[in-house]
Amino acid sequence: MGTLTDNLEPPEGVVADTATETLSDVPLAELAARHQLRPSAARPGVLAYAGQLWERRHFIFGFATARNVAMYTEARLGQLWQVLTPLLNAAVYYLIFGKILDTSRGVPNFIAFLITGIFVWNFTQRSFITASRVMPDSLPLIRALPFPRGCLPIGYVLIELQQLFMSMVILVAIVLATGEPITWYWLLAIPALALQAVFNTGMALFLARLGAGADDFGQLMPFLVRTWMYASGVMYSISTISTLRNHATLRYLLEINPAAVFITLVRNAILQSQRLAAPGSKPFDQQKCNLYSSHLSDSHFLYYSAYCHAQITSGQFWLYGAGWAVLALVVGFLFFWQAETRYGRG
Amino acid sequence: MADPTVIVDDLHVVYRVYGAGGDKGTAATALMRVLKRQRRPSVREVHAIRGVSFVVNHGDAIGIIGRNGSGKSTLLQAIAGLLPPEQGCVYTSGQAALLGVNAALLDDLTGERNVVLGCLAMGMSPQQVKDRFQSIVDFSGVGNFIDYPMRTYSTGMAQRLRFSIASAKSHKILMIDEALATGDANFRAKSHDRIMELRGEAGTVFLVAHNLGEIEASCNRVIWLEKGKIMMQGTDVPAIVDAYLEATGGEPRKRDKPTPTPDHTADN
């Protein structure tokens, strides 16, 4: 019977020298050039690549929507989890940081402050973690269909954006319940979240390439992200927390980190209490500022932080937000594009 | 004058496999490995294609034969640009479309969503997808299952749907990788007709099949791969098929007429 494990040799005398039969005398690369054939795994130019991504926008949207719908199909409560997940998140953080640890000192309307921070933060966090795993997770799809690979990380950010809309609906309900008024400032949340979405997209492209290699990066990512969360003022106010009062440079660096910038922008947009208490929103008054610092637990002086010096004005926050978004998008896009033809290797 | 559509120039394909055997899998052994600066033994590089060269002309239908694991599917993936070459190059006249068993779509999603997404990923516009949707579903014959998630499909049903999606568009270079192996008799006859139709539109067709009758009926050239290298290739299809059968210990094919495989003689 067969020799299935041995090395096979071509049987002699059946067909002569067939391996070179169709090869011509000219080098194959030259032959290809002469007939205008192009390498199948060639990387398009940067602009052409951006154009290809734009052409597949319907695929990206369809992919994100379908994934979102499929996410909860195995759960009995189904799509209700889209609402329940952010609600439970908010409840847990409120219990720990609002009630048990009591980090609410010095922050007016702490519940709204905390939950806004968590929801905005979650958008970035989830985008980062899913993006760092998207290439290994989608390997079968990558090896089956030719399409610009950038569709995948962009699609995953879009999934998170759709989840964010759901969170925002709940956030509005919570914020109104805590007594914040509806103002025109709320509209500023839209450009703020748009900048954050651009930032997340750029970073997702960047992280997708990093995560495409060894899996170690994907394992490390949750810890990096969690560390980042504690540095970004999600459950405390960087600008007024007492531990940072004598560390102006550190406080400045924490305040301009992209997550903190986007969180601050959204908080200032939808929370009147935050706008009124923001340092620099009232004329500087050293005495009143000191009163705020020395009576953090006293609700009477809660808004006196407005009389302190602002390290970063609200206009500067917008500039930082736009800067981070553009920087992340350009760097992330170029970095991802460089490896476009190598993603199928695993 | 011959008009090449695919040129494969000294192609090598290597892919990495994580989690291959040879590791005890404990944290202690992993730590020792890191300390000794050893490469992870469970990462293996599979050198699947080792220096393959050939030229394919317009109008050719190329059968690729070889034992399991000889690199047939890898070769097609490399031609389609899905697996990057380690060395050498593949030149094509346009995007090659690959219909394969591995054309894994999104298992969690319904057949309907898969049809839409698959078509969009191939570059169709939403309007085109809408226009062709019904004919794709009808061709696949999955019927009411189109509303169910694809993970509930039988192997044959999933394959039929994939074939229907991929063949909804006409391609210049078409590659079929065992795409019909698990379909039932009726679907195989139907899809054979569709392949012939596509071949007419495409100009160049690659066919990987273990059903050698299918190869002999459809192809004018054949390439025999063994361990990532070309063992034989040429236009004398029956002779190479016989040589392959002899080397692998299969029974020689019985041929009464010059064009065998009675089911498909009508097609060409």
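Calculation criteria
- Residues numbered from 1 in each chain as written.
- Chains lettered and ligands numbered in written order.
- Predicted model: local features only at pLDDT ≥ 70, side-chain atom pairs only at ≥ 80, totals over all residues.
- Helix = DSSP H or I, 4+ residues; strand = E, 2+ residues; numbered from the N terminus.
- Rg over C-alpha atoms; globule rule 2.2 N^0.38 Å.
- Buried ≥ 20, exposed ≤ 12 C-beta atoms within 10 Å, placed from the backbone.
- Contact = placed C-beta atoms within 7 Å.
- Axes fitted to C-alpha atoms, helices over the stretch in contact; angles between N-to-C directions.
- Parallel < 35°, antiparallel > 145°, perpendicular 65-115°, else oblique.
- Left-handed = near helix turned anticlockwise from the far one by under 90°.
- Nonpolar A, V, L, I, M, F, W, Y, C, P; charged D, E, K, R; others polar.
- Expected span 1.5 Å × (residues − 1).
- Pairing = 2+ DSSP bridges.
- pLDDT = per-residue confidence, 0-100.

**Student:** Where do I start with the overall build of chain A in this structure?
**Tutor:** A count of helices and strands for chain A gives 14 helices and one strand. Relative to the compact-globule value of 20 Å for 346 residues, chain A shows a C-alpha radius of gyration of 27 Å, a clear excess of over 25%. When its C-alpha atoms are laid out on the principal axes, chain A stretches across 100 × 45 × 35 Å. The buried share among the 346 residues of chain A stands at 41%. Taking the intrachain contacts of chain A between residues at least 6 apart in sequence as the baseline, contacts between residues at least 24 apart amount to 82%.

**Student:** Is there a simple way to explain the packing of helix α5 (residues 110-137) of chain A against helix α8 (residues 189-212) of chain A in this structure?
**Tutor:** The packing of two helices is summarised by the inter-axis angle and the distance between the axes. Residues and elements named next belong to chain A. Axis separation between α5 and α8 bottoms out at 7 Å; the angle between their running directions is 30°. As far as their axial angle goes, α8 and α5 are roughly parallel. Relative to α8, the crossing made by α5 is right-handed. In contact with F123, T124, S127, F128, A131, S132, R133, V134, M135 and P136 of α5, α8 contributes Q196, N200, M203, A204, L207, A208, L210, G211 and A212. Per-class residue counts for the contact of α5 with α8 are 12 nonpolar, six polar and one charged.

**Student:** Sorry, what's going on with the environment of P136 of chain A here?
**Tutor:** Residue and element names in this part refer to chain A. For P136, the location among the structural elements is in helix α5. Judged by local crowding, P136 falls into the partly exposed class, with 19 C-beta atoms found within 10 Å. In this structure, the C-alpha to C-alpha distance between P136 and A260, residues 124 residues apart in sequence, is 30 Å. Setting aside chain neighbours within four positions, we find P136 in contact with G211, A212 and D215.

**Student:** Looking at this structure, I do not really get helix α11 (residues 258-270) of chain A. What am I missing?
**Tutor:** In an α-helix there are 3.6 residues to a turn, and that puts residues three or four apart on one side. If you check α11 of chain A, its first and last C-alpha atoms are 19 Å apart, about what 13 residues at 1.5 Å a residue would give, namely 18 Å. Most of α11 of chain A is tucked away: 13 of the 13 residues are buried.

**Student:** Explain unusual backbone geometry to me, please; I cannot follow it from the model alone.
**Tutor:** A negative phi angle is the norm for most residues apart from glycine, just as the trans form is the norm for most peptide bonds. Its identity as a non-glycine residue notwithstanding, N109 of chain A has a phi of 45°, on the positive side. In this structure, N109 of chain A sits in the loop between α4 (81-100) and α5.

**Student:** So what exactly am I meant to see when it comes to the packing of α5 of chain A against helix α9 (residues 216-230) of chain A here?
**Tutor:** All names here are of chain A. Following both chains from N to C, one finds α5 and α9 inclined at 165°, their axes separated by 9 Å at the closest point. The angle between α5 and α9 places the two elements in the roughly antiparallel class. Like other packed secondary-structure pairs, α5 and α9 cross with a definite hand, here right-handed. Together, W121, Q125, F128, I129, S132 and R133 of α5 and F217, G218, M221, P222, V225 and M229 of α9 make up the contact between the two elements. Here the contact of α5 with α9 is built from residues that sort into eight nonpolar, three polar and one charged.

**Student:** Would you explain the sheet that holds strand β2 (residues 44-57) of chain B in this entry?
**Tutor:** Adjacent strands of a sheet form backbone hydrogen bonds with each other and so pair up, either parallel or antiparallel. Here four strands make up an open sheet; going across it, the order is β1(A)-β4(B)-β1(B)-β2(B) and the pairing antiparallel. Each having just a single partner strand, β1 (38-39) of chain A together with β2 of chain B make up the two edges of the open sheet. Pairing of β1 of chain A with strand β4 (residues 87-92) of chain B, which is carried by two bridges, proceeds in the antiparallel orientation. Paired with R38 of chain A across the two strands is T92 of chain B, which belongs to β4 of chain B.

**Student:** What is the right way to read the confidence of the model for chain B from this model?
**Tutor:** In low-pLDDT regions, the fine details of the predicted coordinates are not to be read closely. Residues and elements named next belong to chain B. Predicted confidence across chain B gives a mean pLDDT of 79, with 84% of residues reaching 70 or more. Across residues 257-268 the pLDDT falls below 50, and counting only partners more than four positions away or on other chains, this stretch makes 15 contacts in the model. In the predicted complex, the global pTM is 0.81; the interface-specific ipTM is 0.73.

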